[in-house]
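Fold and contact review
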Number of protein chains: 4
Amino acid sequence: MDYVYGPGRNHLFVPGPVNIPEQVIRAMNRNNEDYRSPAVPALTKTLLEDVKKIFKTTSGTPFIIPTTGTGAWESALTNTLSPGDRIVSFLIGQFSLLWIDQQQRLNFNVDVIESDWGQGANLEVLASKLAADTSHSIKAICIVHNETATGVTNNLAAVRKLLDHYQHPALFLVDGVSSICALDFRMDEWGIDVALTGSQKALSMPTGMGFVCASPKALEASQTAKSVRVFFDWKDYLKFYKMGTYWPYTPSIQLLYGLRAALDLIFEEGLDNVIARHSRLAKATRLAVEAWGLKNCTQKEEWYSDTVTAVLVPPYIDSSEIVRRGWKRYNLSLGLGLNKVAGKVFRIGHLGNLNELQLLGCLAGVEMVLKDVGYPVKLGSGVAAACAYLQNTIPMIPSRI
Amino acid sequence: MDYVYGPGRNHLFVPGPVNIPEQVIRAMNRNNEDYRSPAVPALTKTLLEDVKKIFKTTSGTPFIIPTTGTGAWESALTNTLSPGDRIVSFLIGQFSLLWIDQQQRLNFNVDVIESDWGQGANLEVLASKLAADTSHSIKAICIVHNETATGVTNNLAAVRKLLDHYQHPALFLVDGVSSICALDFRMDEWGIDVALTGSQKALSMPTGMGFVCASPKALEASQTAKSVRVFFDWKDYLKFYKMGTYWPYTPSIQLLYGLRAALDLIFEEGLDNVIARHSRLAKATRLAVEAWGLKNCTQKEEWYSDTVTAVLVPPYIDSSEIVRRGWKRYNLSLGLGLNKVAGKVFRIGHLGNLNELQLLGCLAGVEMVLKDVGYPVKLGSGVAAACAYLQNTIPMIPSRI
Amino acid sequence: MDYVYGPGRNHLFVPGPVNIPEQVIRAMNRNNEDYRSPAVPALTKTLLEDVKKIFKTTSGTPFIIPTTGTGAWESALTNTLSPGDRIVSFLIGQFSLLWIDQQQRLNFNVDVIESDWGQGANLEVLASKLAADTSHSIKAICIVHNETATGVTNNLAAVRKLLDHYQHPALFLVDGVSSICALDFRMDEWGIDVALTGSQKALSMPTGMGFVCASPKALEASQTAKSVRVFFDWKDYLKFYKMGTYWPYTPSIQLLYGLRAALDLIFEEGLDNVIARHSRLAKATRLAVEAWGLKNCTQKEEWYSDTVTAVLVPPYIDSSEIVRRGWKRYNLSLGLGLNKVAGKVFRIGHLGNLNELQLLGCLAGVEMVLKDVGYPVKLGSGVAAACAYLQNTIPMIPSRI
Amino acid sequence: MDYVYGPGRNHLFVPGPVNIPEQVIRAMNRNNEDYRSPAVPALTKTLLEDVKKIFKTTSGTPFIIPTTGTGAWESALTNTLSPGDRIVSFLIGQFSLLWIDQQQRLNFNVDVIESDWGQGANLEVLASKLAADTSHSIKAICIVHNETATGVTNNLAAVRKLLDHYQHPALFLVDGVSSICALDFRMDEWGIDVALTGSQKALSMPTGMGFVCASPKALEASQTAKSVRVFFDWKDYLKFYKMGTYWPYTPSIQLLYGLRAALDLIFEEGLDNVIARHSRLAKATRLAVEAWGLKNCTQKEEWYSDTVTAVLVPPYIDSSEIVRRGWKRYNLSLGLGLNKVAGKVFRIGHLGNLNELQLLGCLAGVEMVLKDVGYPVKLGSGVAAACAYLQNTIPMIPSRI
């Protein structure tokens, strides 16, 4: 039942699915239950309340949907928009590309603002489009907060500023899949109308839950949106919320308890501390990359992602070989380069329930892999750079002081 | 973290989600993995092959979708049909009703054949419709194999016979949610074009996987079907099947290994033995109901379901009170009566990884609950009737002989 | 990895090891930890405090030893007695026999008071021995509170009364293996000097922890007791208690957390409610036995055990065949008859984390087995008798009212 | 229920208990079973056969005892020796000291050969004692194969050579607690009479099983050995082996299945590969220590342990502070210095189911801790040295080639 066994732990550094803490695995280790008994709604109520906290919203309405990030995208779009609606969408990497592909297949009129892979969303073009759109033909702005393929984090506050500046009523739809619970994310403050994420990312759970949170404006839009939808329709959820039974169809009992445990851990650490930890691990990773003499795929510091680092390799190396070799020799799982950057970058995911020594083991592994594939890395150099930073910045574990 | 604790096991007899065997819980007790490593496709390949066996198909193409039964419905419909298509659908209970609701919301032209709740699909009406439809305006027949709300099993072979008799080319779409892996189900032999089920039913897993299996004819239809779809689009799966990586988006690693374990158990017992066990447990349940002097909601023997029994209570009793009391006093989870039969029936789910003594514990519990709510049951009567039958029919456990 | 698989749950009704609640299994589902970190002593401290509660002692000192009941026996004896010491010990069944065997092999001078198997300790003989022992040559009275082999519960309060009556200073050593946490047990009130149990009995955990609790008098005796001991020596524990690190050698991290969960469940239900539940299940079992026309191996009601019922079968039936057949056909695990009562009794263990419907499933199974082996049982009769009693006495589950 | 939570994994590098592989945790995640059913003996039979392989014996008889290493010691001694017997025992560190303490408390006449802590057993003294002992008053030689406190591995083959040279019939008793399954160990070839280990060491399981393996000569000795013993008496095991039921008292069902999984993993990797992996990890650790400018507590290369490295710190540093800080700041668990070397050494355990990147994470952590406590380590230096060696020596994972 275990495919391709290797001794010791697998070092999981893909940008999702990520490491699940033992506490969450434990919480999920259970039989099914009747989801119509009083126990499940009682549990669900606490989950919905607490999920709002990770979105930093008080006015939003969360939906926990038995689906993946792709389904969460579909839920965000089809509940708020009608076929033919004009939407502005930023293409900056593979995941924004896939979302745009979905937008097009769902028959929206997608106005794509493309950037080079490695750059963030081009907000100047957005500004000009908003300025020009006096008739408010743009119904929504769709943006991926953190492009997992290139390690680029977009500036959501700046998008909001532009919308406000032009007093543009477009809905603001944000993919927070590899950001929420790891990066600074403020749904209410930034006036986001729909934000979404998935359980297997910074929440550090198995795949299977899509989290979609809707602002009052988005909820209102959902009443007139004409996109055909059933499974992803918020209406069914709202009906069951009203009844207090919460679930229009069978939820995963195991994931509900897993979510409870995951949220408890995040709140125990403190969401701000969680975000600071991600920032620390990311900075250490970038220092290691620099020490190796390699370049970050992300072209400017303002876009550096604190959840994933895409590393450019020299042209004489196939980055896929790095990933393959990491897995085959070191039980290390790194992210492949995707699409336009296939073969050119490998990715280190540093999100979720992770600590510094785990990351340092990974960085040491990357160094050996680099040497294996013929890159003249100085062994230990990246780890040394990372340690120099981390040793100065890691806080004591509060519960152990 | 455990809501409303009671000593001892919960006796889970809702018709889904059902009891998960320890072997499956164990197999799922694991960290995430990179689903793009060679391990996951290797595992997936075995799963797809073996899933075909539970559908009894060799020519079908299975899709394992991270969704629930509701999503599996949507996948079956949107991949094979276009808005406005005429479909014939049978309304015989709450789940067929919900599917019809979905069909209508997806903008199909639904020709509903309604039966009393407690009766099976009216095939005479189907026959007349097929006879009249010389222009082949009917694009699909949609039928729920086993209506979970009323405990009615429809005769799929008879539907196929009618289609053949009238040489009608309509697609034959079957909800096998509470039937596949429990009732006799023969996708190829019965010429079913799309069959579907969910992981939390007779497969005895957590919720989270929708299984949809498409015949070659259904696959062909999917190439021209105009229903808008992205998350549920088979095309994306087929693309990744061809590449050998299998997953267009992140699957649940835990459910993949859980499915492997669940299938292993089913094949170890033997699918035919699994079906025979369900038949035996169902017959025992019906004998108990009879001994209690109560009526089966299912009106004729030909429709008796071997996965769930809906029991009619006398008018002076509220069946919801039976369910409530079972849970509150005996740690027994029974199924509520839904919609038209709310308050009138309670349901005993006897599907999945279950054995005779578990059922007998449940039946004893039901007897006490009946007495609690004022029904003059003779305590022990149902158990006695069930035992008399079971003691004559239970085979020895093969591995223990 | 699973030997002799059968569908559905195993119905575990041996008098130990018993069913483990999911909460305890979950708590144990974890990696090892450094037992010298501050976390483990912090946990241990709570455990030692709470273990005292299940012994109903405030003055006792508990030892949690990585061993079984047999080891706990050895710990109790060797820490308090010296070779050659005269001890009075009651032989009433297989487990008291094994303890006596141990006592003899440890070179004590064992004065055995034997009863027929099925009878309790003969306290009249004890009284005469105490009366005669004016020189106080008897150093200890050893008694098994609940003889698991015959389902006999001895009257500990009466033993204490005799000791007090004769003002006899003998140590009072009690095997509470199949009693503590299930039967009324009062270490302080009954002046017990050493009491012991094992984790796999009413605590509903895996095997692996022996619990030994010593009164101040027993602790004092340990300072002069000359029996050779190292692994079982309390002195090493006391040394580490003083240091606050608690463990002279490596404990099982998993069992420590499992014990925490097990105690939490017991206190959540309430120890008195736990005991009442055992009494209820036992009474129901005895009513079933009576309804089957069979006899309890326990000869008088005063000795009836609330944790295990030993059922006598007619001479023409081999009780081992009942156990074998239960397992082979019904996935039911019953206890064998041991030694003198081998072939003559089978045993139903009804202790630990168990509820009424679980027991009723077992009783229905026993009825079918009895019929299988040729005993003319009226099917349903035992269940009916048990239900009639239980339906009148089961309380509502407090957390669900 | 989780004490002192910190984000990410705990990095467990104490020399026991060690990291448990997920496969073993999974295998143990189960309910109790009747250990008298046919399933448990069937499982046990495979375990006993396979345990012999890790001892490298075909003629030995293994005992799996529900105890710890301390109990295994007691079993080895009491079954083969009589009070007053002269035994030669080597004192080279804390664990040999504890064993000697036990030997003395068990009333043997212990002839201690002491070495400085950091040195191996003084075999010259042994040689002279054997030479002098023409009357064969020495009944046993007791030696700890790997002294966990100082990271010293003794040369067992050399001991055997001496015994053979002097044709001395003394029993050869070996503590293999931190060696078996990790270091080269050959019971039969080296003529070892009793070898022992514990589950929580290189077998990578929870604590709770003591493994004792007896040569035919040891078994014969057990028939006349006069040491008082019951719980640890091999006789009871042998009796149940003969009956085919194997267990004189209740084993832990969970540990039995865990052992099955642990052995399966070891054989899948190959015992020789497991040993080579330990050698590789140890060498890498020592290179790091050297790069840090620190000294190994082990004084000569011939004694270097491949399972634990004890690192001497400069006199101005308290090694306990290193351990404390590792845990409080980096979630890193290192071994304390014990007794004579308390405050002077910290220990890195590198045994069990562990791989290179895990170790490198630990080494990076140690570097930061060293800096924290004021030692002028060059960050990255140890990791660089380890990587340089490992990158040249790590084999591909066979199942992934």
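Residues numbered from 1 in each chain as written. Chains lettered and ligands numbered in written order. Predicted model: local features only at pLDDT ≥ 70, side-chain atom pairs only at ≥ 80, totals over all residues. Heavy atoms only, no water.

**A look at the pairing of strand β5 (residues 138-144) of chain C**
All names here are of chain C.
- Counting buried positions along β5 yields six of seven residues, so the element is predominantly enclosed.
- Bridge count between strand β3 (residues 86-91) and β5: four bridges; the pairing is parallel. The residue bridging I87 from the neighbouring strand is A140, located in β5.
- Of the strand pairs in this sheet, β5 and strand β8 (residues 171-175) are connected by five bridges, and their pairing is parallel. Within the sheet, the bridge partner assigned to I141 lies in β8 and is F172. (Buried < 20%, exposed > 50% of the residue type's maximum accessible area, 1.4 Å probe, protein only. Helix = DSSP H or I, 4+ residues; strand = E, 2+ residues; numbered from the N terminus. Pairing = 2+ DSSP bridges.)

**Here we look at the sheet that holds strand β10 (residues 210-214) of chain C**
All names here are of chain C.
- As summarised here, the arrangement of the seven strands in space is β2-β10-β9-β8-β5-β3-β4, forming an open sheet in which the pairing is mixed. Where the open sheet ends on each side, the last strands, each with one partner, are β2 (61-65) and β4 (109-114). Averaged over all pairs of adjacent strands, the angle between strand axes in this sheet comes to 20°, irrespective of strand direction.
- Bridge analysis of β2 against β10 gives five bridges, and the strand direction is antiparallel. From the neighbouring strand, P62 faces β10, where its bridge partner is C213.
- Packing against the sheet, helix α8 (residues 234-243) makes contact with β2, β9 (194-198) and β10, and its axis sits at approximately 105° to β2. (Axes fitted to C-alpha atoms, helices over the stretch in contact; angles between N-to-C directions. Contact = heavy atoms within 4.5 Å.)

**Examining the interface of chain B and chain C**
- At the interface, 52 residues of chain B touch 52 residues of chain C.
- In this assembly, chain B packs against chain C so that about 5200 Å² is buried in total across both faces, 56% of it on carbon and sulfur atoms.
- Among the residues of chain B in contact with chain C, Y5, L357 and R400 of chain B are the three that bury the most area, contributing 18% of the side total.
- At the boundary of chain B and chain C, one finds zero salt bridges.
- Run the count over chain B and chain C and you get 29 residue pairs in polar contact (both at pLDDT 80 or more).
- Put simply, the parts of the chain that give the side of chain B that touches chain C at least two residues each are α1 (22-28), α9 (253-269), α11 (319-330), α12 (356-372) and α13 (381-393) of chain B.
- Top contributing element to the side of chain B that touches chain C by residue count: α12 of chain B, with nine residues.
- In the side of chain B that touches chain C, the residues fall into 23 nonpolar, 17 polar and 12 charged. (Buried area = accessible area lost by both parts, 1.4 Å probe. Salt bridge = Lys/Arg side-chain N within 4 Å of Asp/Glu carboxyl O. Polar contact = N/O pair within 3.5 Å; in protein donor to acceptor, adjacent residues only side chain to side chain. Nonpolar A, V, L, I, M, F, W, Y, C, P; charged D, E, K, R; others polar.)

**Details of the relation of the copies chain D and chain A**
- With an axial shift of 0.0 Å and an RMSD of 0.0 Å, the rotation relating chain D to chain A amounts to 180°. With respect to symmetry, the two chain copies, as superposed, fit the operation of a two-fold axis. Minimal C-alpha separation from the rotation axis in chain D is found for G361 of chain D, amounting to 1.9 Å. (Least-squares fit on C-alpha atoms with pLDDT ≥ 70 in both.)

**Quick look at the sheet that holds strand β8 (residues 171-175) of chain D**
Residues and elements named next belong to chain D.
- In space, the seven strands of this open sheet follow the order β2-β10-β9-β8-β5-β3-β4, with mixed pairing throughout. If you trace the sheet from one side to the other, it starts and ends with β2 (61-65) and β4 (109-114), each paired once. In this sheet, neighbouring strand axes are inclined to one another by 20° on average, regardless of whether the strands run parallel or antiparallel.
- Bridge count between β8 and strand β9 (residues 194-198): three bridges; the pairing is parallel. Looking at the pairing, L173 lines up with V194 of β9.
- Relative to the sheet, helix α4 (residues 94-105) contacts β3 (86-91), β4, β5 (138-144) and β8, its axis offset from that of β3 by approximately 160°.

The values are spatial; any link to function lies outside them.
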